[in-house]
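Descriptive analysis of the structure
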Amino acid sequence: MSVTTQHEQMVEELRAADKLLLTTHENPDGDALGSLLAMHGTLEQLGKDSVMYMSPDEFPLSHEYRHMTFDGLLGAAPDDLADRVVVFLDCGNIDRMPVDFLQDEGIKILNIDHHHDNTNFGTVNLVVPEASCTAEIVFDLARQLGAEVTAEIASSLYVGLVTDTGRFSYENTSPSAHRMAADLIEAGVNTHAVYRRLFEDLPFRRLELLARALTTVARYEEGRITIAMLSRSDFEETGALESDSEGIVDHLRSVEGTKAAILVRELLSDGKRGCRKVSLRATDGSVDVSVIARQLGGGGHRQAAGFTTRLSPDDLVSTLRDQVAAQA
Ligand code: AMP
Ligand code: MN
């Protein structure tokens, strides 16, 4: 089906639905949260009964998103779930929302996303890999639905746009991403305030965690891989939260010669002992990190991907070295 037809079909589905439940992926990032809020605001404006769901485990949200408020957010299935159309935003794969009630065969799912490796798990899918962020797709849908993009909706969309494009620096920063930015600013986004909330005014523990990560940096394959590791004790001793590791991998990515930047961090919840989250970032396109993430049970974009693993640090490093060497 052509993209236009997919767009039109999604607009029709949203127009026809009266009761909806919106959700995203676990460990939500700026695009996930911004798209969720913007879609919710749009649907409410159109007079629909929209509710949002995220697991209570996601809270507190990562520090940069602390100003985003989710009025009436559900932390469990609503009684009337069977009457609701479920909308997934920015979620490439249904396993990224490991919640039983959302895996039920009987529910109708609208899947709106921009991951090129999206598994099309929805009843109706709108997957636009050319979109810089899911927020860009939501922006299009909101206008096609005839909603007014208020300053509040625009600010949520802007969070998705700025975070997923790496502040307009990644390869996905298309002309339409910049046009969207202009439109959102015209709609009333206070860009300076958004930047301060997202990237400044950070708790000191973040700097301490970064400092620890930087002491572990190792380089392999003649510098093509730059990798750092954070252990449970790094988090415990600095008082850092898992989400405080956000952005550390970007420091690794900026090092000369790096083709793949990798942050490995031990997960903190008791049920995940021995489990590590791996964040992968590519630099110049010579390595497709989504291929590596998929091989190891995760996924993502060519330039930014991730997975979780129970491999030991040594086995993990040798696996990652083999994977990068196979590509670059
Ligand atoms: P992160 O390293 O968590 O910032 O994730 C970078 C990108 O990889 C995001 O676009 C995610 O959608 C994707 N990603 C991260 N972890 C996973 C996973 N376990 N499965 C699929 N995609 C993932
Ligand atoms: Mn995204």
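A brief report on the enclosed structure follows. (Residues numbered from 1 in each chain as written. Chains lettered and ligands numbered in written order. Predicted model: local features only at pLDDT ≥ 70, side-chain atom pairs only at ≥ 80, totals over all residues. Heavy atoms only, no water.)

1. Description of the coordination of the manganese ion (ligand 2)
Of the protein atoms, only Asp31 (OD), Asp90 (OD), His114 (NE2) and Asp164 (OD) coordinate the manganese ion (ligand 2), at distances of 2.2 to 2.4 Å. Sequence positions of the donors to the manganese ion (ligand 2) reduce to the motif D-x58-D-x23-H-x49-D. Note that aspartate 90 is positioned in the loop between β3 (85–89) and β4 (109–113) and aspartate 164 in helix α4 (residues 151–164), a separation of 74 residues in sequence. We classify aspartate 90 as buried; its relative accessible area is 1%. (Donors = N, O, S within 2.8 Å, 3.2 Å for Na, K, Ca; no water. Helix = DSSP H or I, 4+ residues; strand = E, 2+ residues; numbered from the N terminus. Buried < 20%, exposed > 50% of the residue type's maximum accessible area, 1.4 Å probe, protein only.)

2. Considerations on unusual backbone geometry
In this structure, the amide linkage connecting phenylalanine 59 to the following residue, proline 60, adopts the cis form with an omega of 0 degrees. Tracing the sequence through the fold places proline 60 in the loop between β2 (49–52) and β3. Positive phi, close to 55 degrees, is recorded for arginine 167, a residue that is not glycine. Of note, arginine 167 is situated in the loop between α4 and α5 (175–186).

3. A closer look at the environment of valine 291
Counting through the fold element by element, valine 291 comes out in helix α10 (residues 289–295). For the pair valine 291 and valine 162, spaced 129 residues apart in sequence, the C-alpha separation works out to 25 Å.

4. Structural notes on the site of ligand 1
Inspection of the region around ligand 1 gives 13 residues, with Arg96, His115, Lys277, Ser279 and Arg281 positioned closest. Take arginine 96: an N or O atom from its side chain is 2.9 Å from an oxygen atom of ligand 1. The contact in question runs from an oxygen atom of ligand 1 to an N or O atom on the backbone of glycine 306, over 3.3 Å. Secondary structure elements with two or more residues in the shell around ligand 1: β9 (276–282), β10 (299–300) and β11 (304–309). Ranked by the residues each element gives to the shell around ligand 1, the list is headed by β11, at four residues. Along the lines of polarity and charge, the residues of the shell around ligand 1 split into three nonpolar, seven polar and three charged. (Near = heavy atom within 4 Å. Polar contact = N/O pair within 3.5 Å; in protein donor to acceptor, adjacent residues only side chain to side chain. Nonpolar A, V, L, I, M, F, W, Y, C, P; charged D, E, K, R; others polar.)

5. A word on the nonpolar core
One finds Leu14, Met39, Phe70, Leu141, Leu157 and Leu184 to be the most contacted residues of the largest nonpolar core, which totals 50 residues. Top element by residues in this core is α4. It accounts for seven residues. For phenylalanine 70, the contacting residues outside a window of four places in its chain are Leu33, Leu36, Leu37, Met52, Met54 and Leu61. Val287, Ala293, Leu316 and Leu320 belong to the second largest nonpolar core, which has 18 residues in total. (Core = buried A, V, L, I, M, F, W, Y, C linked by side-chain atoms within 4.5 Å. Contact = heavy atoms within 4.5 Å.)

6. Some details on the sheet that holds β9
Overall, mixed pairing links the six strands, which are arranged β6-β7-β8-β9-β11-β10 in an open sheet. Because the sheet does not close on itself, it has two edges, and the strands there are β6 (218–220) and β10. Of the strands in this sheet, β6, β7 (225–230), β8 (260–266), β9 and β11 touch helix α11 (residues 313–327), which is tilted by about 160 degrees from β7. (Pairing = 2+ DSSP bridges. Axes fitted to C-alpha atoms, helices over the stretch in contact; angles between N-to-C directions.)

7. A short note on the packing of aromatic side chains
This structure, assessed with the given rule, holds five aromatic pairs. Taking the centre distance of 5.2 Å and the plane angle of 85 degrees together, the rings of phenylalanine 88 and phenylalanine 121 count as edge-to-face. Placement of the pair is phenylalanine 88 in strand β3 and phenylalanine 121 in the loop between β4 and β5 (124–127), with a sequence separation of 33 residues. The pair formed by phenylalanine 88 and phenylalanine 121 is uniform in burial state, with each residue classed as buried. On the basis of an interplanar angle of 50 degrees and a centroid distance of 6.4 Å, the ring pair of tyrosine 158 and phenylalanine 168 is categorised as tilted. (Phe/Tyr/Trp six-rings, centres within 6.5 Å; stacked < 30°, edge-to-face > 60°.)

8. A few points about the layout of surface pockets
Empty space within the second largest pocket amounts to approximately 520 Å³. Looking at the second largest pocket, it is lined by 27 residues, and the ones nearest its centre are Leu37, Met68, Thr69, Glu152 and Ser156. When contributions to the lining of the second largest pocket are tallied by element, the ones reaching two or more residues are α2 (30–45), α4 and α6 (191–199). With six residues, the single largest contributor to the lining of the second largest pocket is α2. (1 Å grid on protein atoms, 1.4 Å probe; cavity = no way out; pocket = protein on both sides within 12 Å on 5 of 7 lines; lining within 4 Å. Points joined across faces, edges and corners; volume = space filled by probe spheres on them.)

9. Here we look at helix α3 (residues 134–144)
Given 3.6 residues per helical turn, the α-helix brings residues three or four places apart onto the same face. With respect to burial, α3 is a largely interior element, eight of its eleven residues being buried. Of the residues flanking the end of α3, it is glycine 146, one or two places downstream, whose phi is positive at about 80 degrees.

Distances and angles like these do not, on their own, reveal function.
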